[in-house]
Amino acid sequence: MSDAALRPATSGARKALLIGGGAPNSTLIAGALAAFLDHGIEFDVISTAGAGALMGLLYTVPRGGDRRAALERWMEAGVADEIYRHFPVNYKVFMKPGDTADVYRQWLAAMPWTRPFFDAFGADSHNGMQADWMRLMLASLSPSSLTPKSLGLCAHLPFAEEAIDFDALREGNRHFYINAYNVTQSRMEIWGKDDITPDHIRAAFAFPFIYPPYRIGDDDYIEGAAIQPVNFGALVSDSDNAPGLHRDLDTLVIFDILGSEKLIRKPRGLYDAWVQSIITPLVALARQDVRLFELEHNRDAVTGQPKRNLLKVDLMGGIPAEHWPEVTDWSRSNLRKLFEIGHAAGMAFCEEHGALLRQPSAQPVPNVLPRADAGAAAPLQTA
């Protein structure tokens with residue numbers, strides 16, 4: 001963590017948002033964040049882990065500046081249901097690895113006849129079954145370096161630069177953190193907004209087996225959420241490298257979509273069983289993170305009372321019982337449904353806690369950020 005990131009928050013900082021890991025149902029988070037924008041609720045500090053980092057960055061500094069539109073566009077990461085029923089893999093998000101595959105994607109992005117299909121989240125891109133079928137064909141034709149000796153299945157988040165305005169992140173007044181586990185040094189690392197580059201996002205997303213460890217300098221990293229799904233360490237760490245950081249916070253809001261046992265269920269098939277093998281340990285880790293924070297960092301040693309408000313958004317409470325078997329699917333209908341459920345949960349949360357959350361933040365942030373260009377928002381690249 002840089003010296004700038006280690007500086008305590010300003011005296012007016014009061015509210016922090018913690019966004020935990022979880023990719024397939026990340027539109028739950030996107031919907032809730034959209035509700036926060038609808039209610040004009042902002043945070044002084046955002047601390048993220050895993051896929052929560054992408055949602056937090058879309059909420060904070062999307063490329064093009066329109067924060068709500070960026071969250072809504074994430075629904076288009078889903079695959080058309082007609083295709084997903086027969087091929088339940090999200091080839092639009094998880095892409096083939098290798099330098100040749102990178103060149104292939106860059107070539108597709110430059111070609112006028114393929115760009116509308118390649119830029120799935122752009123304002124002018126094509127959506128629907130036929131468009132997703134074309135994207136499947138383009139993805140199938142992609143070369144790949146995958147072999148039995150490969151360290152992961154997919155390329156490291158090729159669309160990071162197209163989705164996020166990293167310059168705006170560094171120039172902004174809001175504190176922002178991501179975590180990643182340094183495999184080489186056997187330690188968790190936390191990066192602040194002054195440190196974060198596309199490389200750091202790719203390191204923070206490098207979930208084992210899905211992605212190879214990501215190298216920065218001489219060290220290899222894997223996703224921090226694989227070990228600490230909720231990034232409390234950035235806020236109230238007692239470690240030597242972050243003494244007393246942000247201890248002036250009085251309200252913490254948690255988006256912890258991996259804390260529900262309902263995610264653990266009988267799988268529907270081999271692919272679903274693999275997803276369950278990832279989620280099962282993360283559910284336990286997420287619950288442990290929250291419990292340890294409550295016991296060790298948020299309880300006064302003398303009075304036994306909480307030191308600060310700890311509010312958890314019930315993102316999953318609105319999921320119908322019959323929909324739980326599909327909740328981790330990457331189908332477009334599921335992602336859209338989860339966005340609506342997340343938005344409803346966010347609206348309910350804001351209505352319940354609005355008086356507390358609307359207290360002035362240290363650094364107000366507009367819904368639409370200043371833009372360096374007059375063109376349309378840059379799309380996320382997919383193939």
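Residues numbered from 1 in each chain as written. Predicted model: local features only at pLDDT ≥ 70, side-chain atom pairs only at ≥ 80, totals over all residues. Heavy atoms only, no water.

## Regarding the overall build of the chain
Selection rule: Per the convention used, a helix needs a DSSP run of H or I reaching at least four residues, while a strand needs a run of E reaching at least two, with both numbered from the N terminus. Buried, partly exposed and exposed residues are distinguished by accessible area as a fraction of the type maximum, computed with a 1.4 Å probe on protein chains only: under 20%, between the cut-offs, and over 50%, respectively. Throughout, a residue-residue contact means that at least one pair of heavy atoms, one from each residue, lies within 4.5 Å.
Of the regular secondary structure elements, the chain holds 14 helices and eight strands. A burial count over the chain gives 55% of its 383 residues as buried. Counted over contacts in the chain with a minimum sequence separation of 6, partners at least 24 positions apart contribute 75%.

## A few points about the layout of surface pockets
Worth spelling out the cut-off: Grid points spaced at 1 Å over the protein atoms alone were grouped into cavities, where a 1.4 Å probe fits but cannot get out, and pockets, open sets with protein on both sides within 12 Å along at least five of seven lines, with lining residues defined by an atom within 4 Å of a point. Grid points are joined across faces, edges and corners, and a volume is the space filled by probe spheres set on the points. Each residue is assigned to one class: nonpolar for Ala, Val, Leu, Ile, Met, Phe, Trp, Tyr, Cys and Pro, charged for Asp, Glu, Lys and Arg, and polar for all the others, Gly among them.
Looking at the largest pocket, its volume works out to about 860 Å³. Phe94, Cys154, Ile210, Tyr271 and Trp274 are the residues nearest the centre of the largest pocket, which is lined by 45 residues in total. Looking at the lining of the largest pocket, the elements with two or more residues in it are helix H3 (51-60), helix H8 (129-141) and helix H13 (270-296). By residue number, the principal contributor to the lining of the largest pocket is H13, which donates six residues. Its residues assigned to classes, the lining of the largest pocket shows 32 nonpolar, ten polar and three charged.

## Brief notes about the packing of aromatic side chains
For clarity, the cut-off: Under the pairing criterion, centres of Phe, Tyr and Trp rings, with the six-membered ring standing for Trp, must be within 6.5 Å; the plane angle then separates stacked pairs below 30 degrees from edge-to-face pairs above 60, leaving the rest tilted.
The tally for this structure, following the rule as stated, stands at twelve aromatic pairs. Relative to Phe255, the ring of Phe36 lies with its centre 5.5 Å away and its plane at 55°, an arrangement referred to as tilted. Taken together, the residues span a long stretch of sequence, with Phe36 in helix H2 (residues 26-38) and Phe255 in strand E7 (residues 251-255) at a distance of 219 residues. Relative accessible area serves as the criterion here: at 0%, Phe255 is assigned to the buried category. Three or more aromatic residues joined by ring pairs form one cluster here, namely Phe36, Phe43, Phe255 and Phe349.

## A word on the environment of Ile341
Within the element layout of this structure, Ile341 appears in helix H14 (residues 332-357). Look at Ile341 and you get buried, because its relative accessible area is 12%. When neighbours within four sequence positions are excluded, Ile341 is seen to be in contact with Leu28, Leu315, Gly318, Ile319 and Pro320.

## Observations regarding H8
Formally: Here the expected length of a helix is defined as 1.5 Å per residue gap, with one fewer gap than residues. Each C-beta atom gives one direction from the helix axis, and the arc is the one those directions make.
In a regular helix each residue adds 1.5 Å, so 13 residues correspond to 18 Å; H8 covers 18 Å between its end C-alpha atoms and thus fits that length. Every buried residue belonging to H8 is among Ala131, Asp132, Arg135, Leu136, Leu138 and Ala139, and all of these are buried. Taken around the axis of H8, the buried residues stretch over an arc of 165°, which confines them to a single face. Across H8 from its buried face, at more than 90 degrees, point the exposed residues Gln130 and Leu141.

## What to know about the pattern of salt bridges
When the charged atoms of two side chains with opposite charge come close together, those side chains can pair. As a reminder, the rule being used: Here a salt bridge means any side-chain nitrogen of Lys or Arg lying within 4 Å of a carboxyl oxygen belonging to Asp or Glu.
Summed over all chains, the structure comprises 21 salt bridges. A salt bridge links Asp250 to Arg14; the nearest nitrogen and oxygen atoms lie 2.6 Å apart. Placement of the pair is Asp250 in the loop between helix H12 (233-236) and E7 and Arg14 in the loop between helix H1 (3-6) and strand E1 (15-19), with a sequence separation of 236 residues. Notably, a salt bridge pairs Arg174 with Glu42, separated by 3.2 Å at the nearest N-O pair. Of this pair, Arg174 sits in the loop between helix H10 (166-171) and strand E3 (175-182) while Glu42 sits in the loop between H2 and strand E2 (45-48), and the two are 132 residues apart along the sequence. We classify Arg174 as buried; its relative accessible area is 5%. Beyond isolated ion pairs, a larger network of salt bridges with shared partners links Glu76, Lys92, Asp132, Arg135, Arg332 and Arg336.

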